[in-house]
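Structural overview
This is what each chain is made of:
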Amino acid sequence: MAKITAPNKKYNGVTATVHFIDGEGESKDTRLLEWFETHGYKVSKEKVKSNSEEKPEEKQTEKKK
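Residues numbered from 1 in each chain as written. Predicted model: local features only at pLDDT ≥ 70, side-chain atom pairs only at ≥ 80, totals over all residues. Heavy atoms only, no water.

Tallying each qualifying case throughout the model produces six aromatic pairs. Each ring, one from Y11 and one from F20, has its centre 5.6 Å from the other, and the planes form 50°; the classification is tilted. In this structure F20 comes out as buried when scored by relative accessible area, which is 2%. Taken together, a centroid distance of 5.8 Å and an interplanar angle of 40° make the contact between F20 and Y41 tilted. Taken together, the residues span a long stretch of sequence, with F20 in strand β3 (residues 18–20) and Y41 in the loop between α1 (30–38) and β5 (42–44) at a distance of 21 residues. (Phe/Tyr/Trp six-rings, centres within 6.5 Å; stacked < 30°, edge-to-face > 60°. Buried < 20%, exposed > 50% of the residue type's maximum accessible area, 1.4 Å probe, protein only. Helix = DSSP H or I, 4+ residues; strand = E, 2+ residues; numbered from the N terminus.)

Below, the structure is given as structure tokens:
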């Protein structure tokens, strides 16, 4: 997931199917990321972990005596 920052830091809305809150949105679609870059948005291609990507905690197994 990449972070997309809108030129307007207060922008709340949807642009090109990406939801923005306070000027920030996320996408993993490379075509959209390229589109945003060519239209003045800042794209941070560092891995951004979203809630849907988090792995559930592994259950610890108890040792039987």
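Before going further, it helps to examine the side chain of T15. Along the chain, T15 falls in strand β2 (residues 13–15). Judged by relative accessible area, T15 falls into the buried class, the value being 15%. In this structure the side chain of T15 is engaged in a polar contact, spanning 2.9 Å, whose partner is the side chain of Y11. Setting aside residues up to four positions removed in sequence, T15 forms contacts with F20, W35, F36 and Y41. (Polar contact = N/O pair within 3.5 Å; in protein donor to acceptor, adjacent residues only side chain to side chain. Contact = heavy atoms within 4.5 Å.)

In this sheet, strand β4 (residues 24–27) lies alongside strand β1 (residues 2–5) in antiparallel orientation, the contact comprising four bridges. Across the sheet, the residue bridging to K3 is E26, located in β4. (Pairing = 2+ DSSP bridges.)

Let us look at the sheet that holds β5. Here three strands make up an open sheet; going across it, the order is β4-β1-β5 and the pairing antiparallel. The open sheet has two edge strands, β4 and β5, and neither has a second partner. In this sheet, adjacent strand axes meet at a mean angle of 25° when their direction is disregarded. Bridging between β1 and β5 involves three bridges; their strand directions are antiparallel. Directly across from I4, in β5, lies its bridge partner V43. (Axes fitted to C-alpha atoms, helices over the stretch in contact; angles between N-to-C directions.)

Function cannot be read off these values alone, since they describe shape.
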